[in-house]
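Working through the structure, step by step
Chain by chain, the residues:
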Amino acid sequence: MERIIFILAAIIPSMGFGQNPLFVPDPLSGKSFSLSLQNGQVEFYPGFNTHTIGYNQDILGPTLILEKGSNITFNVTNNLSEQTTLHWHGLHVPAADDGSPHTIIEPGQLWSPSFTILDKSATYWYHPHLHEQTEEQVTRGAAGFIIVRDDEEAQLILPRTYGVDDFPIAVQTRAFDANKEFLWNTTEDDIVMCNGTLDPVLDVPAQVIRLRLLNGSTQRVYNLGFEDDLIFFQIATDGGLLNAPVSLKRLRLAPGERAEVLLDLSTHQGQSFSFMSFASELPNGIYGASNPSGHGSSGMMAGSISGYNNNSLNGNDFKIMQFQVSASTANPIFTIPSTLTSNTPYAEPSANNTREFYFQSPHMGPQGMLNGPFAINGQLFNLNVINHEIPLNNIEIWELVNMTAISHPFHIHDVQFYILDINGNPPPANMQGRKDVVLVPPMFGTVRFITKFEDFADENAPYMYHCHMLNHEDGGMMGQFVVVGTTTSTTKGGENSILIYPNPVANLVHVQGLPNSTIRLQNLSGQLLEERVSLGNEEQFNLAEFASGIYYFNIRNAEQNFTYKVIKYD
Ligand code: C2O
Ligand code: CU
Ligand code: CU
């Protein structure tokens, strides 16, 4: 598939002369996924082979389609001659499986994490997270989409035929050198790519279509919209559906953020229109505006990032891609649903459970406030320092205070959060869903969010939080926390080797059974809900979809037979 597109890209001179069909990565589904990070080459410009990296292909990677509740095994092979890691951005997984900077995959090595998908239906992504090399590896091409499907979303009337009425679109700006090799650690990112395609065009049917938008850029914030201010409907944030579609003309998307939107093209057959970033409308203080500094555009306090203002995309409206509307497909969708889900943000804890995070530059003055390096609470990232210990099941408010001149997209691993306020105001309707990235305004801007640290505790494996401007992250604007299991109770069997925890449990219960045993999960009335054969290794059972109440695990082998009670809560 990608071969054909790249051959076309080679034949048709790009950049203003012709348009290249948008590359739509192949979908992969199932319970076991193989990803191989490898070197590649793409002829973006005729006569120039740009060196790239990608998963199973020259650039980017397949779209992983995951079912909520299923147990998945990944086989990730590093076929580069340098280290890497692979992080599942937005997924709620055990810290040891999260692909953090600690979980290095050496050249030639295989990494095989395995976990249960607990996340809600939404669009996530994967990318390397190697210490100080994230920007470089992502820029060279290492990234891919993850689509999680669940029963709730499946009940809704929504476009969901991948590549037909449901399309992933990763927007990235890149810079090339004179030999058409990628540059990183630069402000010259003036070439727009979607899914690794230059000057892309996509054929779409005249009906309601769904776009899964990802800002996969190193630094740039987009102010997305369509030609003629075509209205679109945002239906999902980073980690789940919104309560109801939110109608929009513009959507600001910061690095790392995702949004799913619906576009009703039923009356647009035969038309062609552009998808744009209206960057001229971005307020100063954002990478992508005419001035990235929130200090203002003139006078003593004005600041600029060196090389930034020569970039033709900054502060100017520009095209991201082109859509061409053809006939509708069989079984088209012509409606926008009126409701989607019901998000229930956590209740604010009565105890003072607020953690504060100050973004500061150790270098004082306007230039330091804009150019970094940026520290969080006065500390640059140190692989050997755990910045926070968080008790399992804690509900916490994180208060982010940005003492710098530029906005930073803050991202946290392990959890999704709900934004409580931005500069003291409640978030707009399209930001009231589950999120894992939030853009924190400049010049003493604040964001407060609330979240809960559930399911996974491991005092030896940290999760990251960081700025998703990848050069800021690599420069040390990152910290790490461990979730510690002080509030878990463990059910230990009469036979010492049996462990069941946590108990009570909200989602995932870990069961360490007996060698060569059968584990049966039953409800109060004895009905069999799940049965597994276990060699004695830890098994994970997902109770998320079950009603609260009492359940039993029966564990038996040829010699022994035990039953334990587990309490499930919501
Ligand atoms: Cu998208 Cu810590 O990363
Ligand atoms: Cu992440
Ligand atoms: Cu930043």
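Let us look at the coordination of the copper ion (ligand 3). The coordination sphere of the copper ion (ligand 3), as far as protein atoms go, consists of His408 (ND1), Cys467 (SG) and His472 (ND1), spread over 2.0 to 2.1 Å. Its relative accessible area of 0% is what places His408 among the buried residues. Exposure remark for His472: the relative accessible area of 9% places this residue in the buried category.

Here the focus is the layout of surface pockets. There is about 770 Å³ of room inside the largest pocket. If you trace the largest pocket, you find 33 residues lining it, with Lys68, Lys120, Arg434, Glu454 and Asn507 closest to the centre. Residue classes in the lining of the largest pocket are distributed as 8 nonpolar, 11 polar and 14 charged. Viewed by domain, the lining of the largest pocket spans two of them, domain 1 (348–484) and domain 2 (495–568), each represented by three or more residues. As a volume, the second largest pocket reaches approximately 410 Å³. If you go around the second largest pocket, you meet 24 residues; those closest to its centre are Arg252, Ile422, Pro428, Met431 and Leu439. The set of elements that each furnish at least two residues to the lining of the second largest pocket consists of strand S19 (232–237), strand S21 (251–253) and strand S22 (258–264). Of the residues belonging to the lining of the second largest pocket, the class tally is 13 nonpolar, 6 polar and 5 charged.

Okay, empty space enclosed by the protein next. Under the criterion given, the structure shown has 5 cavities of 30 Å³ or more. Every residue lining the largest cavity is listed: Glu135, Thr139, Thr173, Arg174, Ala175, Leu183, Trp184, Asn185, Thr186, Asp189, Thr218 and Gln219. Sorting the residues of the lining of the largest cavity by element identifies helix H2 (134–140) and strand S12 (166–176) as the ones contributing at least two each. In terms of residue count, the dominant contributor to the lining of the largest cavity is S12 (3 residues). Each residue belonging to the lining of the largest cavity can be placed in one class, and the counts come to 3 nonpolar, 6 polar and 3 charged. Roughly 60 Å³ of internal volume is contained in the second largest cavity. Pro25, Leu60, Gly61, Ala143, Gly144, Phe145, Ala170, Gln172, Asn195, Leu214 and Gly216 together form the lining of the second largest cavity. Secondary structure elements with two or more residues in the lining of the second largest cavity: strand S11 (144–149) and S12.

Cut-offs applied
- Residues numbered from 1 in each chain as written.
- Chains lettered and ligands numbered in written order.
- Predicted model: local features only at pLDDT ≥ 70, side-chain atom pairs only at ≥ 80, totals over all residues.
- Heavy atoms only, no water.
- Donors = N, O, S within 2.8 Å, 3.2 Å for Na, K, Ca; no water.
- Buried < 20%, exposed > 50% of the residue type's maximum accessible area, 1.4 Å probe, protein only.
- 1 Å grid on protein atoms, 1.4 Å probe; cavity = no way out; pocket = protein on both sides within 12 Å on 5 of 7 lines; lining within 4 Å.
- Points joined across faces, edges and corners; volume = space filled by probe spheres on them.
- Nonpolar A, V, L, I, M, F, W, Y, C, P; charged D, E, K, R; others polar.
- Domains from an automatic or database assignment.
- Helix = DSSP H or I, 4+ residues; strand = E, 2+ residues; numbered from the N terminus.

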